[in-house]
There are 2 protein chains.
Amino acid sequence: MKIGILGYGTVGSGFIDVIDNNRDKRDIEICKILVSDKYKHKGKKYFDKITENIEDIFEENIDVLVEVMGGLNPTLDYIKRAINNNIHVVTANKDLLAEYGDELVKLANEKGVYIKFEASVGGGIPVLKPLIESLEGNNIESISAILNGTTNFILSKMYDENLPYNIALKQAQELGFAEANPEADVMGYDAARKLSILSTLAYNNRVYWKDLYLEGITSIDERDMEYAKKLDCKIKLVGQSSLKEDKVSAFVRPVLVENNSILAKVDNEFNAVIVNGDSVGEISFVGKGAGKLATGSAVYSDVIDIIDNRINCIDSFMKNKVEINKILENKCSALLRFSSFKKNEIIDIIKSCIVEYDVLNDKDELAIMVYANSEYEINNSLCLIKDRGYCKNINKLVKIS
Amino acid sequence: MKIGILGYGTVGSGFIDVIDNNRDKRDIEICKILVSDKYKHKGKKYFDKITENIEDIFEENIDVLVEVMGGLNPTLDYIKRAINNNIHVVTANKDLLAEYGDELVKLANEKGVYIKFEASVGGGIPVLKPLIESLEGNNIESISAILNGTTNFILSKMYDENLPYNIALKQAQELGFAEANPEADVMGYDAARKLSILSTLAYNNRVYWKDLYLEGITSIDERDMEYAKKLDCKIKLVGQSSLKEDKVSAFVRPVLVENNSILAKVDNEFNAVIVNGDSVGEISFVGKGAGKLATGSAVYSDVIDIIDNRINCIDSFMKNKVEINKILENKCSALLRFSSFKKNEIIDIIKSCIVEYDVLNDKDELAIMVYANSEYEINNSLCLIKDRGYCKNINKLVKIS
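Residues numbered from 1 in each chain as written. Chains lettered and ligands numbered in written order. Predicted model: local features only at pLDDT ≥ 70, side-chain atom pairs only at ≥ 80, totals over all residues. Heavy atoms only, no water.

Some points on the UniProt feature "binding site: NADP(+)" (unreviewed entry) in chain A
All names here are of chain A.
Phase 1 of the analysis: If you check UniProt for "binding site: NADP(+)" (unreviewed entry), the listed places come out as Leu6, Gly7, Tyr8, Gly9, Thr10, Val11, Gly12 and Ser13 in our numbering.
Phase 2 of the analysis: Secondary-structure assignment places threonine 10 in helix H1 (residues 10–21).
Phase 3 of the analysis: Within the secondary structure, serine 13 is located in helix H1.
Phase 4 of the analysis: Other than its neighbours up to four places away in sequence, serine 13 contacts Tyr8, Lys44 and Lys292. (UniProt positions renumbered as here; feature names shortened; annotations may be inferred. Helix = DSSP H or I, 4+ residues; strand = E, 2+ residues; numbered from the N terminus. Contact = heavy atoms within 4.5 Å.)

Written out as structure tokens, the structure is:
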């Protein structure tokens, strides 16, 4: 089996290490490795295979192109070129799949080659393959997941060490868990892309990431963490989606989760995917969502599947994009925080819209836990409060069960 | 695809339901269903396919034999006959695999047919396939698992409702979670068989279930649960194995697990398998370990793999049985309980053998938490205490981290 690799960063190095660790069992020949600046990689193994010229990759007679360089361009062109040349593709690139998954899967199906992307969601955790293959006999009803290690690390730090967001972010950056520009992580884009891939596969409907309800973690502060502790909860950036009567609901947002739940046990750089199937019930997959060798292991497993000819057929990416419901339509509860508030007026409105509530704090700010029949009820009350100018700022943090 | 089914009990019915729920996607023809007493199944669907005669199964031109009847005999003969007739086999029978896995896998390999058994471990949780296929690039270093739903249900009841063992067992029996003869569950045999299958696949060594260290839950009492709560722990029947320097260690025994761990979150009929791989780190799989549709879903996924020709090659069952270390050789702690005790004498011995200890109770019984360099240290002290007659009974409950 001859492979070409695009990219020699963290994941590429991990993948190559996994190949070498398994040389006694599997003979995978690394033909060429494409990088943008060859001399940045001096001293690395397989240096003689490194090239800066994409033509060198395609001149080799490779069976599989492994794409671990990231980004949308020129990655998309390279992958399309590979498929058009009847070369199988393994990619870890969730950005690319979330954006162009339909085009790529369609092209691969037309050309009769395979495109596999286990590492794109949940890093090292086997989740796409179990979802597609092992749970095929199920209608998947819902997914709840922690899909971004960077934000989970930041939120864990904030919770465990009472750190403000900025300091926790800085620590994550220093430890290599967050990038210099953390936008894709902290704004929830990365998690939304992964949730869209999972949901597309789970519901056999094309779920486009930009259509989800999306909220990042940048406005979470130390007071939120204090209230969470009081409520015996943690705060997690959760991606959740469901299929009910042919309607897909999906969001990525910071939420309160009970300490007693599996999601609350998933801290730091760990990820979790909890899938609900109509036959199997609730299945949880937990593990490292990133990391050199962990992600390398997932990429490797895709290559092995191609070698062993173990293939599943995916056509959900080729479906039309579905409309996505962005609001919690069932019973839900939320922590509401108001600054510069008029207590009695706010509580009167809440009483009129929402059946149950608990005041957690009415000193320096007003913090109320509300228990509503749907998120609409909560939003209606907040609209009224805002319109009438009963407070300056409002923060809302939903609790999921 | 034509299949014959052996058995029409809980799992058989669940499997058939899953087939019918997926008729729009997959056309699986149920040719014959073997039962021991046809008229017990009157009113069930596919009644016209039911037979009491195994010859009727083999007279059909089936592609796959699905064995969900359980037991060792005549099941073993039927499966061997199928393989010899070039029929693929899917089985949920952990007893059979733990005992005759070597013979069956060898025969299947010789005949070029597939034997698949996802449902034999962890019920509906996809675990064998992810372990073999998705984690192929890893050396598996250890496994920790809750593999028996019956005992987990009993221990959860005892912990949550302060029930004695016998009452919790009776409730489990009334709810259908435990059999009239609960021996295989409560003595740990069932968990040991499952752990041996997992460990055989994980370490590429034949790990035989009777060679594990094995201890059931029958001696766990309400006081154990009280101490566990004091220690911020739960008590779980855990199967644990590891491979270190070519040596396999393995046990199934009740242990203390910290409330803060994933295993402690796995209650009632749920199962969990936590795998440690050298590339991927710690991966946890959690879900229902039994149940009609959940197990049916796992059996179904094996049949689909055969239809789609997605096969993995297993030869670890054919290896020679390895010797198994049965004792914890690393740092470990344990709860020791002594009845009719001589306190000072016992503590003197513990002081001389073990560095650290905490006395939890010295009133009606002596309960001590000890922190040792290995289980040998603990056992040595207990031998001395016993030999010198410093107490009547000793209970030891190890804590794992």
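Don't stop here, the text continues.
Brief notes about the sheet that holds strand E4 (residues 64–67) of chain A
Residues and elements named next belong to chain A.
Phase 1 of the analysis: Pairing is parallel in the open sheet, where six strands are placed in the order E3-E2-E1-E4-E5-E6. Both edges of this open sheet fall to strand E3 (50–51) and strand E6 (115–116), since each of them pairs with a single strand only.
Phase 2 of the analysis: As paired strands, E4 and strand E5 (residues 88–91) are joined by four bridges and run parallel to one another. Its bridge partner lying in E5, glutamate 67 is registered against threonine 91.
Phase 3 of the analysis: Here helix H11 (residues 292–307) sits on the sheet and contacts E4, E5 and E6; the angle it forms with E5, its principal contact strand, is near 160°. (Pairing = 2+ DSSP bridges. Axes fitted to C-alpha atoms, helices over the stretch in contact; angles between N-to-C directions.)

A word on the sheet that holds strand E5 (residues 88–91) of chain B
Residue and element names in this part refer to chain B.
Phase 1 of the analysis: Strand order in the open sheet formed by six strands is E3-E2-E1-E4-E5-E6, with parallel pairing between adjacent strands. Each edge of the open sheet carries a strand with a single partner, namely strand E3 (50–51) and strand E6 (115–116).
Phase 2 of the analysis: Pairing geometry for strand E1 (residues 2–6) and strand E2 (residues 29–34), over five bridges, is parallel. Residue glycine 4 lies in a different strand from E2, and its bridge partner there is lysine 32.
Phase 3 of the analysis: The sheet contacts of helix H1 (residues 10–21) involve E1, E2 and strand E4 (64–67), and relative to E1 the element is tilted by about 155°.
Phase 4 of the analysis: Contacts between helix H11 (residues 292–307) and the sheet are confined to E4, E5 and E6, with E5 contributing the most and set at about 160° to the helix.

Observations concerning the UniProt feature "domain: Homoserine dehydrogenase catalytic" (unreviewed entry) in chain A
Phase 1 of the analysis: With numbering matched to this structure, UniProt assigns "domain: Homoserine dehydrogenase catalytic" (unreviewed entry) to residues 126–304 of chain A.
Phase 2 of the analysis: The span residues 126–304 of chain A shows a helical share of 40% and a strand share of 27%, and its end C-alpha atoms are spaced 14 Å apart.

Side note on the interface of chain B and chain A
Phase 1 of the analysis: Contacts between chain B and chain A engage 42 residues on the former and 42 residues on the latter.
Phase 2 of the analysis: Where chain B abuts chain A, roughly 3,500 Å² becomes buried across the two surfaces, and 53% of that area is made up of carbon and sulfur atoms.
Phase 3 of the analysis: Looking at the side of chain B facing chain A, the largest losses of area belong to Glu136, Lys265 and Arg310 of chain B, adding up to 18% of the total buried there.
Phase 4 of the analysis: Residue glutamate 136 of chain B is joined to arginine 26 of chain A by a salt bridge in which the shortest nitrogen-to-oxygen separation is 2.7 Å.
Phase 5 of the analysis: Summed over the shared surface of chain B and chain A, the result is 18 residue pairs in polar contact (both at pLDDT 80 or more).
Phase 6 of the analysis: Of all the secondary structure elements, the ones that give two or more residues to the side of chain B that touches chain A are helix H5 (128–134), strand E12 (281–288) and H11 of chain B.
Phase 7 of the analysis: Among the residues forming the side of chain B that touches chain A, the class breakdown is 16 nonpolar, 15 polar and 11 charged.
Phase 8 of the analysis: Pairing geometry for strand E12 (residues 281–288) of chain A and E12 of chain B, over three bridges, is antiparallel. Bridge pairing in E12 of chain B places valine 286 of chain A opposite serine 284 of chain B. (Buried area = accessible area lost by both parts, 1.4 Å probe. Salt bridge = Lys/Arg side-chain N within 4 Å of Asp/Glu carboxyl O. Polar contact = N/O pair within 3.5 Å; in protein donor to acceptor, adjacent residues only side chain to side chain. Nonpolar A, V, L, I, M, F, W, Y, C, P; charged D, E, K, R; others polar.)

Topic: the packing of aromatic side chains
Phase 1 of the analysis: According to the stated counting rule, one finds nine aromatic pairs over all chains in the structure shown.
Phase 2 of the analysis: Centre to centre, the rings of phenylalanine 153 of chain B and phenylalanine 177 of chain B are 4.6 Å apart; their planes meet at 35°, and the pair counts as tilted. Here the residue phenylalanine 153 of chain B occupies a position in helix H6 (residues 149–161), and phenylalanine 177 of chain B occupies one in the loop between helix H7 (165–174) and helix H8 (183–186), the gap between them amounting to 24 residues.
Phase 3 of the analysis: For phenylalanine 153 of chain B, a relative accessible area of 5% gives the class buried.
Phase 4 of the analysis: For arginine 193 of chain A, the ring lying beneath its charged end belongs to tryptophan 209 of chain A, and the centroid distance is 4.3 Å.
Phase 5 of the analysis: Against the face of phenylalanine 251 of chain A rests arginine 253 of chain A, its NZ or CZ located 5.4 Å from the ring centre. (Phe/Tyr/Trp six-rings, centres within 6.5 Å; stacked < 30°, edge-to-face > 60°. Buried < 20%, exposed > 50% of the residue type's maximum accessible area, 1.4 Å probe, protein only. Lys NZ or Arg CZ within 6 Å of the ring centre and 35° of its normal.)

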